[in-house]
Amino acid sequence: MDLGLKDKVFIVTGGAKGIGEAISKLIAAEGGIAVVAGRNAADNDKTVAEIKATGGKAFGIAAELGKVEDCKKVIDLVVAEYGRIDGLVNNAGVNDGVGLENGSPEKFMASLQKNLSHYYNLAHYALPYLKTTKGSILNIGSKVAETGQGNTSGYAASKGGINALTREWAVELLPYSIRVNTVIPAEVWTPLYANWINSLPDPKEKLAAIVSKIPLEKRMTTSEEIANMTVFLLSGVSSHTTGQIIYVDGGYTHLDRSVS
Ligand code: NAP
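No experiment lies behind these values; they were computed from the predicted model shown.

> I tried to follow the environment of Thr 190 on my own but got confused; where do I start?
Within the secondary structure, Thr 190 is located in the loop between β6 (179-184) and α7 (191-198). For Thr 190, a relative accessible area of 9% gives the class buried. Along the primary structure Thr 190 and Glu 21 are separated by 169 residues, whereas in three dimensions their C-alpha atoms are 9.9 Å apart. Each residue touching Thr 190, except ones within four places of it in the same chain, is listed here: Gly 18, Ile 19 and Ser 223.

> Before we go on, may I ask you to explain the pairing of strand β3 (residues 57-62) in this structure?
In this sheet, β3 lies alongside strand β2 (residues 33-38) in parallel orientation, the contact comprising six bridges. Residue pairing for β3: Gly 38 is matched across the bridge by Ala 62. Crossover handedness for the path β2 to helix α2 (residues 41-53) to β3: right-handed.

> So what exactly am I meant to see when it comes to unusual backbone geometry here?
Non-glycine residue Asp 7 carries a positive phi angle of around 60°. Following the sequence through the fold, Asp 7 ends up in the segment before β1 (9-13). In this model, Asn 151 sits at a positive phi of 60°, which is unusual for a non-glycine residue. Position of Asn 151 among the secondary structure elements: in the loop between α5 (144-147) and α6 (153-172).

> Before we go on, may I ask you to explain the site of the ligand in this structure?
In the region of the ligand, 27 residues are neighbours, and Lys 17, Arg 39, Asn 91, Tyr 155 and Thr 190 sit closest. Here Arg 39 contributes a side-chain N or O atom positioned 2.6 Å from an oxygen atom of the ligand. Compared with its free state, where it exposes 890 Å², the ligand has 92% of that area covered by protein. Elements with a minimum of two residues in the shell around the ligand: α1 (18-29), α6 and α7.

> Even after reading the chapter, I still don't get the sheet that holds strand β5 (residues 136-140), so can you show me in this structure?
By definition, the strands of a sheet pair up through backbone hydrogen bonds, in either a parallel or an antiparallel sense. Taking strand neighbours across the sheet as the criterion, the seven strands line up as β3-β2-β1-β4-β5-β6-β7 in an open arrangement whose pairing is parallel. With partners counted over all chains shown, the strands left at the sheet margins are β3 and β7 (245-247), one partner each. Averaged over neighbouring strand pairs, the angle between their axes works out to 20° when direction is ignored. Pairing of β6 with β7, which is carried by three bridges, proceeds in the parallel orientation. From the neighbouring strand, Val 183 faces β7, where its bridge partner is Ile 246. Strand contacts of α1: β1, β2, β3, β4 (87-90) and β5, with the helix running at about 170° to β1, the strand carrying the most contacts. Contacts from helix α3 (residues 68-82) reach β1, β2 and β3 within the one sheet, and its direction differs from that of β3 by about 145°.

> For this particular structure, what's the right way to read the environment of Thr 152?
Topologically, Thr 152 is positioned in the loop between α5 and α6. Its relative accessible area of 3% is what places Thr 152 among the buried residues. A C-alpha to C-alpha distance of 8.8 Å links Thr 152 and Gly 103, two positions 49 residues apart in sequence. Dropping the residues within four chain positions of it, Thr 152 is found in contact with Asn 95, Asp 96, Gly 97, Val 98, Gly 99 and Val 144.

Parameters at a glance
- Residues numbered from 1 in each chain as written.
- Predicted model: local features only at pLDDT ≥ 70, side-chain atom pairs only at ≥ 80, totals over all residues.
- Heavy atoms only, no water.
- Helix = DSSP H or I, 4+ residues; strand = E, 2+ residues; numbered from the N terminus.
- Buried < 20%, exposed > 50% of the residue type's maximum accessible area, 1.4 Å probe, protein only.
- Contact = heavy atoms within 4.5 Å.
- Pairing = 2+ DSSP bridges.
- Right-handed = clockwise from strand over helix to strand, strands pointing away.
- Near = heavy atom within 4 Å.
- Polar contact = N/O pair within 3.5 Å; in protein donor to acceptor, adjacent residues only side chain to side chain.
- Areas by Shrake-Rupley, 256 points an atom, 1.4 Å probe, with all protein chains shown as cover.
- Axes fitted to C-alpha atoms, helices over the stretch in contact; angles between N-to-C directions.

Here you go:
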């Protein structure tokens, strides 16, 4: 199947590591131009170099997405370089453990800024260009919006907000034929996941307990499996799919875990 990405420009936030890295690399492998936008220039450069080494096209932009001005900078730089935007993958986020009891109003707002605000800010600034190309927006959410996790109010609220914005933006952008969808991971081994599990008292035991409850094949989802669905939904091949929240999680969130 040809996804039709050739020389089209896609911004991937947090595109240098974990799930975002897999998405950037798949976009480039499909002939698209991956704009890797993340806070660490060295991480961005590494991923861009790896893509170029395989003959792909990529461009790195260092940006702290919690800052509104950096979100605007990302869009301005992409437009200056390529003159177009064909898609936005809102992916960057951090499960930062701001709980109800252990957090504070200030930490809660800061968590929304790290996990939710830049999804809106980038979509807002990219919109004039997405209108021209009839591009699409793909958000990466989390099962936490559906299941809760405990001690992570800011992250949970952000991910719930992303699900709501998926439906809201899909409706608002119908007149422009801009599609908006969200892919939900649950348990994917990435630097973020490793940090989280290593913050728990017995990471090895906890990991084994989680994996044993993943219905399909008792294994974690790979970043490449998230990327496959993401890039499909981003592409014009999924031309009549909008406002959807798709779980790529081996059935972890919804299936009966007593079935094994
Ligand atoms: P990751 O391994 O930490 O990679 C995320 C990348 O984004 C990193 O390069 C990170 O930079 C960058 N980043 C994060 N916040 C940023 C910001 N405010 N400004 C600029 N760059 C930023 O994370 P991941 O596990 O791939 O997660 C990607 C997405 O999937 C997130 O939205 C997460 O909530 C979601 N998700 C993941 C899982 C999972 O199992 N891994 C499960 C559910 C949902 P630094 O390395 O410098 O922080």
